[in-house]
Amino acid sequence: ISIKLTADIDVDGQLPMVTGTFTGTLDGGGHEIAGISQTLFNQFNGCAFDLTLKGNIDYTSQSIAFDTARKAASFALNAEGAQLSDIVSEVNITASRNDLNAGGIVGYSRAATYIRCEYSGDYNVEWTGDGGGVGGIVGWSNSSGGTTVFEECSFTGTITVSAGASGKEIYVGG
């Protein structure tokens, strides 16, 4: 499947998450999707480029896939073998969870490529138990199955982390 945006879209919090695995191409055409209130994709294994995301996602007030996935992000909760370029996220994210992988664009990544991706939102995370990772572009990158590549990516937002449990490892990166 191939999707190409031909204009800016304001979804006003009404865009549902794609719950299956997306393996196609998403061409943002240099446009934006504004008003995002939840992650666009559960599993993204395709190619996406030239897209800007704007909005606010508050996982603490929603009962969405995040509850079982233990991941939080604006574009995709999971990405494997994905190619993302020129993806800009200005989405503010709030999450509270045990064992969380939280990224500005992708929560959990394996063998993916990120080129000129940017995150400039504000990320507020509260860990309530086991450790995890939070990062400006990707929350956690798993190297098994291939290398994840970052080229010319940037993070200019803020990450605020509070840990409700002591003695747990929390990894934070830009």
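Residues numbered from 1 in each chain as written. Predicted model: local features only at pLDDT ≥ 70, side-chain atom pairs only at ≥ 80, totals over all residues. Heavy atoms only, no water.

This part takes up the overall build of the protein chain. The helix and strand tally for the protein chain stands at one helix and 20 strands. Relative to its full complement of 174 residues, the protein chain shows a buried share of 45%. Restricting to contacts in the protein chain with at least 6 residues of sequence separation, those with at least 24 account for 69%. (Helix = DSSP H or I, 4+ residues; strand = E, 2+ residues; numbered from the N terminus. Buried < 20%, exposed > 50% of the residue type's maximum accessible area, 1.4 Å probe, protein only. Contact = heavy atoms within 4.5 Å.)

Structurally, Thr-148 is set in the loop between strand E16 (138-142) and strand E17 (149-151). Owing to a relative accessible area of 15%, Thr-148 belongs among the buried residues under this scheme. At 3.2 Å, the side chain of Thr-148 forms a polar contact with the backbone nitrogen of Ala-111. Looking at Thr-148, its side chain comes within polar contact range of the side chain of Ser-141, at 3.1 Å. (Polar contact = N/O pair within 3.5 Å; in protein donor to acceptor, adjacent residues only side chain to side chain.)

Time to look at the packing of aromatic side chains. On inspection of all chains with the given rule, the structure shows eight aromatic pairs. Look at Tyr-119 and Tyr-123: their rings are 6.1 Å apart centre to centre, the planes differ by 55°, and that puts the pair in the tilted class. Comparing Tyr-119 with Tyr-123 shows no difference in burial state: the two are buried. Where Tyr-119 meets Phe-155, the ring centres are 6.0 Å apart and the plane angle is 5°; that geometry is what we call stacked. Residue Tyr-119 is located in strand E13 (residues 118-119), and its partner Phe-155 is located in strand E18 (residues 154-155); the two are separated by 36 residues in the primary sequence. (Phe/Tyr/Trp six-rings, centres within 6.5 Å; stacked < 30°, edge-to-face > 60°.)

As a further point, take the sheet that holds strand E5 (residues 41-44). A sheet is described by the order of its strands in space; here five strands give the open sequence E3-E5-E8-E11-E16, paired in parallel fashion. The open sheet terminates on both sides in strands that have one partner only, identified here as strand E3 (18-22) and E16. In this sheet, adjacent strand axes meet at a mean angle of 10° when their direction is disregarded. Relative to E16, strand E11 (residues 106-110) runs parallel, the two being bridged by four bridges. (Pairing = 2+ DSSP bridges. Axes fitted to C-alpha atoms, helices over the stretch in contact; angles between N-to-C directions.)

Even without a glycine there, the phi angle at Asp-50 is positive, about 55°. Secondary-structure assignment places Asp-50 in strand E6 (residues 47-58). Residue classification places Asp-50 among the partly exposed positions, given a relative accessible area of 31%. Residue Ala-111 is not a glycine yet carries a positive backbone phi of 55°. Position of Ala-111 among the secondary structure elements: in the loop between E11 and strand E12 (113-115).

All right, on to the environment of Ser-120 then. For Ser-120, the position within the fold is in the loop between E13 and strand E14 (122-127). Look at Ser-120 and you get partly exposed, because its relative accessible area is 34%. With 29 residues separating them in the primary sequence, Ser-120 and Val-91 have C-alpha atoms 7.6 Å apart. Here Ser-120 is in contact with Ser-89, Glu-90, Thr-156 and Gly-157, once residues within four sequence places are set aside.

To continue, consider the nonpolar core. In this structure, Phe-44, Phe-75, Leu-84 and Tyr-114 are the most contacted members of the largest nonpolar core, which totals 39 residues. Per-element tally for this core: the top contributor is strand E9 (residues 83-97), with five residues. In this structure Tyr-114 touches Ala-79, Leu-84, Val-106, Ser-109, Ile-137, Val-138, Thr-148, Val-149, Phe-150, Glu-151 and Cys-153, once residues within four positions along its chain are discounted. (Core = buried A, V, L, I, M, F, W, Y, C linked by side-chain atoms within 4.5 Å.)

Don't take any of this as a statement about function, it's just geometry.
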